[in-house]
Amino acid sequence: MISLTMVMLLVLVGTQNPMSPVTEEEYGQAFYRIAADIKLLPLPQVTGKRGVNKHYRPSFAHKNSVYRNGLRIHLVRVPKAGSSAWSAITRRLAGCSGPQGACCKFPGTPPGSCPKHGTLCQEVEGCVSHRGLKSILQSSEYTSLAIIRNPTNRAFSGYFYKGSMHTIKGPADLMLDSSINLFLGSSAFGNPATKMFAGYNAYDILNDMNTTRDTAFNNIQNIKEKWNNNIFGASAGISFCAINEIWPLSLLLLHMRFPYEHFPPLLDEFVGNISGSRKHADGSEDAKTDLMSRFWSNVTIRETHDWELYNATLRVFCEHMHTLGAWNHTLVRLYWNDKIGVPC
């Protein structure tokens, strides 16, 4: 018997031609419907040093903190990877109180964009900035979530970002070849995902990137071990990594991974109605396109470690689509092939 969700999917992709075009918003709507059919569960009970069959509570929890949903989350916030929007999802999963939306400190950037009391909460570490929190990443008392993006696109987005931590003065100068060469010449701005997945700050200058890469890869493999062993609670390493290019599919998999009653799927999140940072440099789009086309190979080579990490993350993500049953949905396969284009 065909479920209501499958009927909707067939309508979306077209019963006469299953390869008919589907917009990003329609994909989001369809994946939201799949997520809405998932049975929501209370937080799992775990056995730990705080006692048997107790919802997770970190031993070093602040005495005034509620931790009402039993989750203590660490956000690995890779710059220009969609981490602002992802922080809004993280706050909701952690059960943060106050207004919904991305993490921010008053008055926000630009000023006035953040509520008076901010949106930080004690249930989430790493919710703003791009600091590496190695001790927390290695702690068994946190659930670490991350998001990653096509490294070359991410690097250019970071380059054109006003206020980016490079030494270029003023957005107009960003269109000069000499400016992007300065950017490329500093290892501080390369491979931030690899650094952060290993517990370092995004803009650290590291002498041994090969060891850093190995640590980052081990943390990605931790995701697979946790899923295969059905570890739902807090544990060392990364527990889930979203992929910017397949945002609604990442959300679907997140809800399959954490199907909790306090974290029901929201349509606005699936169709991308979440505000993030918007501080890109001035300058014509033609000038940006020209600069990107001429320096694309240079930037890609500089981001070699992040590309290796990105491809490894895609492989792990693919495996878990099969494990959780997402790959059984026709539209999921169409979307993956359209956006990613590698075998799964």
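A few points on the structure. (Residues numbered from 1 in each chain as written. Predicted model: local features only at pLDDT ≥ 70, side-chain atom pairs only at ≥ 80, totals over all residues. Heavy atoms only, no water.)

## Overview of the overall build of the chain
Step number 1: Scanning the chain from N- to C-terminus turns up 13 helices and six strands.
Step number 2: Residue burial in the chain is summarised as follows: out of 344 residues, 49% are buried.
Step number 3: Here the analysis covers contacts within the chain between residues at least 6 apart in sequence; of these, 69% occur between residues at least 24 apart.
Step number 4: Carbon and sulfur atoms form 53% of the exposed surface of the chain, whose accessible area is close to 16,100 Å². (Helix = DSSP H or I, 4+ residues; strand = E, 2+ residues; numbered from the N terminus. Buried < 20%, exposed > 50% of the residue type's maximum accessible area, 1.4 Å probe, protein only. Contact = heavy atoms within 4.5 Å. Areas by Shrake-Rupley, 256 points an atom, 1.4 Å probe, with all protein chains shown as cover.)

## A closer look at the state of the cysteines
Step number 1: The final tally for this structure, using the stated rule, is four disulfides.
Step number 2: Here Cys103 engages in a disulfide with Cys127; their sulfurs sit 1.4 Å apart. Within this pair, whereas Cys103 is found in the loop between helix H3 (83-94) and strand E4 (124-125), its partner Cys127 is found in the loop between E4 and helix H4 (134-137), the two being separated by 24 residues in sequence.
Step number 3: If the cysteines joined by disulfides in the chain are listed in sequence order, their pairing comes out as 1-5, 2-6, 3-4, 7-8. (Disulfide = S-S within 2.5 Å.)

## Digging into the packing of aromatic side chains
Step number 1: Under the criterion given, the structure shown has 15 aromatic pairs.
Step number 2: Between Phe258 and Tyr260, the aromatic rings sit 6.0 Å apart at their centres with planes inclined by 65 degrees, giving edge-to-face as the arrangement. Considered together, Phe258 and Tyr260 belong to a single accessibility category, that of buried residues.
Step number 3: Three or more aromatic residues joined by ring pairs make a cluster, and in this case those are Tyr159, Phe160, Phe183, Phe189 and Tyr203.
Step number 4: If you follow Arg257 out to its NZ or CZ, it ends over the ring of Phe258, 5.0 Å from the centre.
Step number 5: The ring of Phe160 has Lys288 lying over it, and the distance from NZ or CZ to the ring centre is 5.5 Å. (Phe/Tyr/Trp six-rings, centres within 6.5 Å; stacked < 30°, edge-to-face > 60°. Lys NZ or Arg CZ within 6 Å of the ring centre and 35° of its normal.)

## Here we look at helix H13 (residues 330-339)
Step number 1: Of all the positions in H13, only Leu331, Val332, Leu334, Tyr335 and Trp336 are classed as buried.
Step number 2: After H13 finishes, the residue Gly341 shows a positive phi value of roughly 75 degrees.

## Focus on helix H11 (residues 285-302)
Step number 1: Along H11, the largest kink reaches about 60 degrees and is centred on Phe295.
Step number 2: Buried residues along H11 sit in contact with helix H5 (151-159), helix H6 (177-185) and helix H12 (304-324). (Bend = angle between axes of the 7 residues up to and from the residue.)

## Structural notes on the sheet that holds strand E3 (residues 73-76)
Step number 1: The strand order E4-E3-E5-E6 describes an open sheet built from four strands, whose pairing is parallel. Whereas interior strands pair on both sides, the edge strands pair on one side only; in this sheet they are E4 and strand E6 (238-243).
Step number 2: Here four bridges tie E3 to strand E5 (residues 143-148), and the two strands are oriented parallel to one another. Bridge pairing in E5 links Val76 to Ala146.
Step number 3: Helix-sheet contacts for H3 involve E3, E4, E5 and E6, and the interaxial angle to E3 is about 175 degrees. (Pairing = 2+ DSSP bridges. Axes fitted to C-alpha atoms, helices over the stretch in contact; angles between N-to-C directions.)

## Thoughts on the pattern of salt bridges
Step number 1: By the definition in use, this model includes ten salt bridges.
Step number 2: Across the salt bridge formed by Lys339 and Glu24, the nearest N and O atoms sit 3.1 Å from each other. Here Glu24 lies in helix H2 (residues 24-36) and Lys339 lies in helix H13, a separation of 315 residues in the sequence.
Step number 3: Two residues, Asp214 and Arg213, come together in a salt bridge whose shortest N-O distance is 3.4 Å.
Step number 4: In this structure Arg213 comes out as partly exposed when scored by relative accessible area, which is 22%. (Salt bridge = Lys/Arg side-chain N within 4 Å of Asp/Glu carboxyl O.)

## A closer look at the pairing of E5
Step number 1: E5 sits mainly inside the fold: six of its six residues count as buried.
Step number 2: Residues Thr143, Leu145 and Ile147 of E5 are buried on one face, and the alternating residues Ser144, Ala146 and Ile148, pointing to the opposite face, are buried as well.
Step number 3: Two elements, E5 and E6, share five bridges in a ladder whose sense is parallel. Along E6, the bridge assignment pairs Ser144 with Ile238.

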